[in-house]
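# Descriptive structure summary
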Amino acid sequence: MEELNQALASSFAVSPDLNSTAAPHPRLAQYKSKYSSLEQAERRRRLLELQKSKRLDYVNHARRLAEDDWTEAEREEEEEGEDAGKEDMDVDVGKKLPKRYANQLMLSEWLIDVPPDLEQEWILVMCPMGKRALIVASRGSTAAYTKSGFCVNRFPSLLPGGNRRNSATGKDYTILDCIYSEVNQTYYILDVMCWRGHPVYDCQTDFRFYWLHSKIQEEEGLAEKSRINPFKFVGLQSFPCTPESLCEVLAMDFPFEIDGLLFYHKQTHYSPGSTPLVGWLRPYMVSDILRMTVPANPLTTKPDYAGHQLQQIIEHKKSKKLAGEEGCLSSKEVAENGRYELEHLSTLRSAESPNSQVERASQMES
């Protein structure tokens, strides 16, 4: 119980000032000081090269998540022993997969450096307000875990392996990356790591998204609430990153309240931990960061604090050459401390006074 209290204390903020919407995001200044946009672009290039040669045992990793059996992984770790030393590099090559249920999600970074191939090699997903969740459906039950690995709910579902009726053999299990909307009682499926016992960690993003949407269409009743499926599971649609597509998306009506946009490189594999191959922007940032005209609507209207927040990002983009020349931080410091990981893509609502307007803030946690 004491460990749970400590975990909850570190995961949630109750101070009204800490996440105040009247100020820039409290983590943005920290992020700005540790990353240059030049370094972000270089890390993207190196990660794409590294994943071509990286061979991790995703088959057994998915099985361990489904069965909650880590005996073999712990034995292998003992045999290998501790590494002689850590490499001084600014890219996490992902030599080992995380054990148990903590740190299993692929997390994004602020989109600081706009990729030159954004239109050709990237796709975007509009994200609803909610909390990130690792979903594991296996052995007749469906479990929802936080990024820190705590099981916050267990229930039946129509996902393969998620209820007693469809998991007779025990070989069907499903692992998903979701955003949970408490308002809509819905798990919006952001990505898929394993479907019916077939892992797709080392598949490219465009294939994973195609595979996911083709599979969820085969499962009747998955998007509806029922006794055997108490929460809806709905896939999130992906879109091209062309200016025309972005304008259309920002003008669309969605069945949920929008929190922001995630930009995925088409070739990236699903890799637990933060990665520059997935970028994050709030809707009002699109016009300034991507330097394009967007439709005028409530979604793209800048909040009061936007000027300061956007100015930090824009100045950071302009300073990439200077930051690279000065070399203020070692690559090791950047790798260890510079990650900006989003667990929650959610908005808290509060009113300062009876006459004040309800303000919006994005609650993000590293």
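Now for a look at the structure at hand. Treat the numbers as computed from the prediction; the structure is a model and nothing was measured. (Residues numbered from 1 in each chain as written. Predicted model: local features only at pLDDT ≥ 70, side-chain atom pairs only at ≥ 80, totals over all residues. Heavy atoms only, no water.)

## Things to note about the overall build of the protein
What counts, and what does not: The helix count covers DSSP runs of H or I at least four residues long, the strand count covers runs of E at least two residues long, and both are numbered beginning at the N terminus. We call a residue buried when its accessible area falls under 20% of the maximum for its residue type, exposed when it is over 50%, and partly exposed in between, using a 1.4 Å probe and counting protein chains only. Should any heavy atoms of two residues lie within 4.5 Å, those residues are considered in contact. To be clear on the numbers: accessible area is Shrake-Rupley with a 1.4 Å probe, and residue cover counts the displayed protein chains and nothing else.
In terms of helices and strands, the protein carries 12 helices and 14 strands. The 366 residues of the protein split such that 48% are buried. Contacts in the protein between residues far apart in sequence, at least 24 positions, make up 70% of those at least 6 positions apart. Surface accessibility of the protein: about 18,400 Å² in total, with carbon and sulfur atoms responsible for 49%.

## Some remarks on the environment of Arg 291
Along the chain, the position of Arg 291 falls in the loop between α9 (286-289) and α10 (306-318). On a C-alpha basis, the gap between Arg 291 and Val 114 in space is 9.8 Å, while along the polypeptide they are 177 residues apart.

## So, the packing of aromatic side chains
As a reminder of what qualifies: Stacked, edge-to-face and tilted labels apply to pairs of Phe, Tyr and Trp rings (six-membered ring for Trp) whose centres lie within 6.5 Å, assigned for plane angles under 30 degrees, over 60, and everything in between, in that order.
Across all of its chains, the model carries 14 aromatic pairs by this definition. Between Tyr 180 and Phe 231, the aromatic rings sit 5.9 Å apart at their centres with planes inclined by 80°, giving edge-to-face as the arrangement. Here Tyr 180 is found in strand β6 (residues 174-181), whereas its partner Phe 231 is found in the loop between α7 (205-216) and β9 (232-235), with 51 residues between them in sequence. Of the residues examined, Tyr 180 reaches a relative accessible area of 19% and is grouped as buried.

## Details of the nonpolar core
Rules: By convention a nonpolar core is built from buried Ala, Val, Leu, Ile, Met, Phe, Trp, Tyr and Cys residues, the set being connected through side-chain atoms within 4.5 Å.
Judged by nonpolar contacts, the single largest core of 57 residues is most densely connected at Leu 124, Met 126, Phe 263, Tyr 264 and Leu 290. With six residues, strand β2 (residues 122-128) is the single largest residue contributor to this core. Among residues more than four places away in sequence, those in contact with Leu 124 are Gln 237, Ser 238, Phe 239, Pro 240, Cys 241, Leu 246, Val 249, Leu 261, Leu 262 and Phe 263. Grouped together as the second largest cluster of nonpolar side chains are 22 residues, Ala 137, Val 192, Val 200 and Cys 203 included.

## A few points about the pattern of salt bridges
What counts, and what does not: The rule for a salt bridge is simple: a side-chain nitrogen of Lys or Arg has to be within 4 Å of a carboxyl oxygen of Asp or Glu.
One pass over the full model with this rule turns up 11 salt bridges. A salt bridge links Glu 42 to Arg 45; its shortest N-O distance comes to 2.6 Å. Pair noted here: Glu 42 and Arg 45 are both in helix α3 (residues 37-53), with a separation of three residues, about one helical turn. Here Glu 42 falls in the partly exposed class, since its relative accessible area comes to 31%. Under the relative-accessibility criterion, Arg 45 is labelled partly exposed at 46%. A salt bridge links Arg 43 to Glu 109; the nearest nitrogen and oxygen atoms lie 3.0 Å apart. In this pair, Arg 43 sits in helix α3 while Glu 109 sits in strand β1 (residues 106-110), placing the two residues 66 residues apart along the sequence. Here Arg 43 matches Glu 109 in class, with each residue buried.

## Section: α7
Turn by turn, an α-helix covers 3.6 residues, leaving residues three or four places apart pointing in a common direction. Put simply, the rule reads: The span you would expect from a helix comes to 1.5 Å times its residue count less one. The arc in question is the one spanned by the directions pointing from the helix axis to the C-beta atoms.
With 12 residues, α7 ought to run about 16 Å at 1.5 Å a step, and its terminal C-alpha atoms sit 17 Å apart, in line with that. Within α7, the full set of buried residues consists of Thr 205, Arg 208, Phe 209, Leu 212, Lys 215 and Ile 216. Along the axis of α7, the buried residues cluster in a sector spanning 140°; they form a single face.

## Focus on the side chain of His 269
Formally: By the criterion applied in these results, polar contacts are pairs of N or O atoms within 3.5 Å in which, for protein atoms, one can donate a hydrogen and the other can accept it, and in which residues neighboring in sequence qualify only through two side-chain atoms.
With respect to the helices, strands and loops of the structure, His 269 is situated in the loop between β11 (258-265) and β12 (273-281). Among the polar contacts made by the side chain of His 269, one reaches the main-chain carbonyl oxygen of Asp 202 at a distance of 3.4 Å. Among residues more than four places away in sequence, those in contact with His 269 are Gln 51, Met 106, Tyr 201, Asp 202, Cys 203, Gln 204 and Arg 208.

## Remarks on the environment of Ala 296
You can see Ala 296 is positioned in the loop between α9 and α10. Since its relative accessible area comes to 79%, Ala 296 is described here as exposed. Along the backbone, Ala 296 and Ala 251 are 45 residues apart, and their C-alpha atoms lie at a distance of 8.4 Å.

## Quick notes on the sheet that holds strand β10 (residues 238-240)
Think of a sheet as strands paired side by side through backbone hydrogen bonds, with each pair either parallel or antiparallel. Applied cut-off: We treat two strands as partners when DSSP finds at least two bridges between them. An axis is simply a line fitted to the C-alpha atoms; with a helix, the fit covers only the stretch in contact. Between two such axes, the angle follows the N-to-C directions and lies from 0 to 180 degrees.
Ordered in space as β1-β12-β11-β2-β10, the five strands form an open sheet in which the pairing is mixed. The open sheet has two edge strands, β1 and β10, and neither has a second partner. The mean inter-strand angle of the sheet, taken between neighbouring strand axes irrespective of direction, is 45°. Relative to β12, β1 runs parallel, the two sharing four bridges. Pairing of Met 106 across the sheet is with Gly 273, part of β12. Sheet contacts for helix α8 (residues 243-250): β2, β10 and β11; angle to β2, the most-contacted strand, approximately 10°.

## A word on unusual backbone geometry
The phi dihedral of Asn 103 is positive, around 60°, even though this residue is not glycine. Note on placement: Asn 103 falls in the loop between α5 (71-80) and β1. Look at Arg 139: it is not a glycine, yet its phi comes out positive at around 50°. Taking the relative accessible area as the measure of exposure, Arg 139 reaches 54% and is therefore exposed.

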